[in-house]
Amino acid sequence: MATSTSPNYHSSILIVGAGTWGCSTALHLARRGHRDITVLDAYDLPSPISAGNDINKIVEQGSFDSNPDDDSAFVSQQLLHLASQGWTSDPVFMPYYHDTGYIICAHTPDGLEQLIKREMLDQQADIEWLETPEAFRAAMPKGVLTGDFPGWKGGFKRTGAGWVFARGALSAAFIEAERLGVKFITADGTTHLAETTILAAGAQASALLDMKDQLRPTAWTLSHIKMTAEECELYTNLPVLFNIESGFFMEPDAENHELKICDEHPGYCNWVTTPSGTKSSVPFAKHQVPLEAETRVRDFLRDTMPQLSERPFSFARICWCADTPDRNFLIDRHPEFKSLVLAVGGSGHGFMHITSVGGYVADVLEGKMPETAIGRNWSDVQGRRGGPNRVMDFQEVKEWTRIEER
């Protein structure tokens, strides 16, 4: 750990990226008294292409590391603890947290084995075991879950987990940081210089800096369906339902009366060969999902809510993140450019840490805080399941789903 030094609160700081981690970092630095902070983004703020600019995200319990005895698992548990503290005690974020409970499950023998090991369900006294269709249906109001749940088993944590209104929390961090004096600037053709630059550009970071294979831009797929006012009332305050092999959903959003469903899988990459001959996954924006993803969503709905399984999608998009080799965050000074701080590698679980991750970045900048990418296996599923149980390639997608106009 670096030796702590007295920070210079008047030195200039430039943050590249106004998404989840960029806004969190700006907020934490401003709260600590730093006075010269500028955040850059190519889009209006907060960034509309940020993975966090979404209607909801899961706030889950447990570790993303499969070995509870190693150091990284200990660190991940501490990160989760501090993130949870932020959702329950920070006035900026508290209004957006919904402690509705959390059902996490699987439906194949291999999936169940992985689930129990990863989430340590057999060691938690506050987890209620669900193993029959009747038990799953009884976990929500009558008429919500009507499916047969074939082979489904899992745990129900009734409190201490749930979901957050992601776009609201991201906007709140942006608004509070701006109130504290942070300057947010969209593309203006001007060169901006600073004594310290923080790269918080999410999946786009590897396009801006050679990350030495530390980041793999990876995308997931989400879809919305329109709900009636009566359905929205019935679906209010539902626990999150997450099958690690097929998908998850949360209650409809209050703004558009839409239910968001995600099909679960190890992710998609977009592999292209660069002019230098290297292999690279290049992010792109699209308000469609592959037709195979729509099929997976409808299969998930047939198992859980068959009354919705044929309803047309009102919205869909692909959502990018960046995986590190071990799914741990990459927050550190660059080994060669000491004025550059890296804040990247959300690895599919970065948003719930918006409440606290900026504090770790500030620690690095103030001097208060290993190589893992050599010979990296780009096809590593990193503990994720679902779909074909492999990382997929957008270059192989032949058909995309059709989306109705809003």
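Every residue gets a number counted from 1 within its own chain, in the order that chain's sequence is written. Note on the predicted model: pLDDT of at least 70 is required for a residue's local features to be given, and 80 or more for side-chain atom pairs to be given and counted; whole-chain, interface and lining totals, by contrast, use all residues. Excluded from the side-chain calculations are hydrogens and water; all other atoms, namely the structure's heavy atoms, are used.

What about helix H5 (residues 166–179)?
Going by this rule: Each helix corresponds to a stretch of at least 4 residues labelled H or I by DSSP, and each strand to a stretch of at least 2 residues labelled E; elements are numbered beginning at the N terminus. Each residue after the first adds 1.5 Å to the expected span of a helix. Classification of residues uses two cut-offs on accessible area relative to the type maximum, computed with a 1.4 Å probe and protein chains only: under 20% is buried, over 50% is exposed, and between them is partly exposed.
Compared with the 20 Å implied by 1.5 Å per residue over 14 residues, the 20 Å span of H5 between its first and last C-alpha is a close match. Turning to H5, its buried residues are Ala166, Gly168, Ala169, Leu170, Ala172, Ala173, Phe174, Glu176 and Ala177. Trailing H5 by a residue or two, Gly181 shows a phi angle of about 110°, which is positive.

Remarks on the pairing of strand E7 (residues 153–157)
Let me state the cut-off plainly: For two strands to count as paired, DSSP must find a minimum of two bridges between them.
E7 sits mainly inside the fold: four of its five residues count as buried. Pairing between strand E6 (residues 127–130) and E7: four bridges, direction antiparallel. Each bridged residue has a counterpart across the sheet, and for Ile127 the counterpart in E7 is Lys157.

Observations concerning the domain arrangement of the protein chain
As a reminder of what qualifies: An automatic or database domain assignment provides the domain bounds reported here. Residues count as neighbours in contact if any of their non-hydrogen atoms are within 4.5 Å of one another. Buried surface area refers to the total accessible area, computed with a probe of radius 1.4 Å, that the two partners give up upon joining, counted for both partners together. Salt bridges are identified by distance alone: a Lys or Arg side-chain nitrogen within 4 Å of an Asp or Glu carboxyl oxygen. For this scheme, ten residues count as nonpolar: Ala, Val, Leu, Ile, Met, Phe, Trp, Tyr, Cys and Pro. Four count as charged, namely Asp, Glu, Lys and Arg, and the remainder, Gly too, count as polar.
In terms of domain boundaries, the protein chain breaks down into domain 1 (1–98 + 160–214 + 325–375) and domain 2 (102–158 + 216–323 + 378–405). Each of domain 1 and domain 2 has a C-alpha centre, and these two points are 25 Å apart. Listed as interface residues are 34 residues of domain 1 and, on the opposing side, 31 residues of domain 2. Interface area, domain 1 with domain 2, both sides summed: about 2,800 Å², of which 56% is carbon and sulfur. Linking domain 1 to domain 2 there are two salt bridges. Its salt-bridge partner being Glu255, residue Arg167 comes within 3.7 Å of it at the nearest N-O pair. Contributions of two or more residues to the side of domain 1 that touches domain 2 are made by strand E3 (57–59) and strand E8 (162–164). Taken together, the residues of the side of domain 1 that touches domain 2 sort by class into nine nonpolar, 18 polar and seven charged.

So, the side chain of Ser356
Mapped onto the elements of the fold, Ser356 is located in the loop between strand E20 (340–344) and helix H9 (357–365). You can call Ser356 buried: its relative accessible area is 10%. Excluding anything up to four places from it in sequence, Ser356 contacts His28, Leu79, Leu82 and Ala83.

Concerning the nonpolar core
The line we're drawing: The nonpolar core is taken to be a set of buried Ala, Val, Leu, Ile, Met, Phe, Trp, Tyr and Cys residues, with the residues joined through side-chain atoms within 4.5 Å.
Ranked by internal contacts, the top residues of the largest apolar core, which has 45 residues, are Ile15, Trp87, Phe93, Val182, Phe184, Ile198 and Ile331. Looking at this core element by element, the count peaks at seven residues for H5. Among all residues touching Phe93, those that are not within four sequence positions of it are Leu27, Gly86, Trp87, Ala169, Ala173, Ile354 and Thr355. Grouped together as the second largest cluster of nonpolar side chains are 26 residues, Val144, Trp152, Leu301 and Phe313 included.

Quick word on the sheet that holds strand E4 (residues 97–98)
Whenever strands of a sheet pair, they do so through backbone hydrogen bonds, lying parallel or antiparallel. In spatial order, the strands read E3-E8-E4; together these three strands make up an open sheet with antiparallel pairing. Only two strands of the sheet have a single partner each, and these edge strands are E3 and E4. Bridge count for E3 against E8 is three bridges, and the pairing is antiparallel. Directly across from Lys57, in E8, lies its bridge partner Val164.

Details of the pattern of salt bridges
When charged atoms on two side chains of opposite charge get close, those side chains can pair. Throughout the structure, instances matching the rule amount to 21 salt bridges. Arg302 is the partner of Glu310 in a salt bridge, and the nearest nitrogen-oxygen pair spans 3.0 Å. Salt bridges here are not isolated pairs; linked through shared partners, they connect Arg32, Asp363, Glu366 and Lys368.

A word on the packing of aromatic side chains
What counts here: When two rings of Phe, Tyr or Trp (its six-membered ring) have centres within 6.5 Å they constitute a pair, described as stacked for plane angles under 30 degrees, edge-to-face for angles over 60, and tilted for the intermediate range. Note on geometry: a ring has a charge over it if NZ (lysine) or CZ (arginine) is within 6 Å of the ring centre and within 35 degrees of the ring normal.
Within this structure, the stated rule accounts for 17 aromatic pairs. With centroids separated by 5.0 Å and ring planes inclined at 10°, the aromatic side chains of Phe136 and Phe149 adopt a geometry described as stacked. In this pair, Phe136 sits in helix H4 (residues 133–138) while Phe149 sits in the loop between H4 and E7, placing the two residues 13 residues apart along the sequence. The burial state of Phe136 is the same as that of Phe149; both residues are buried. With a centroid separation of 5.1 Å and an interplanar angle of 85°, the aromatic rings of Phe149 and Trp152 are classed as edge-to-face. The exposure class of Trp152 is buried, given its relative accessible area of 1%. Through a chain of ring-to-ring contacts, the aromatic side chains of Tyr268, Phe284, Trp320, Phe394 and Trp400 assemble into a single cluster. One residue, Lys279, lies across the ring of Trp271, its end atom 4.4 Å from the ring centre.

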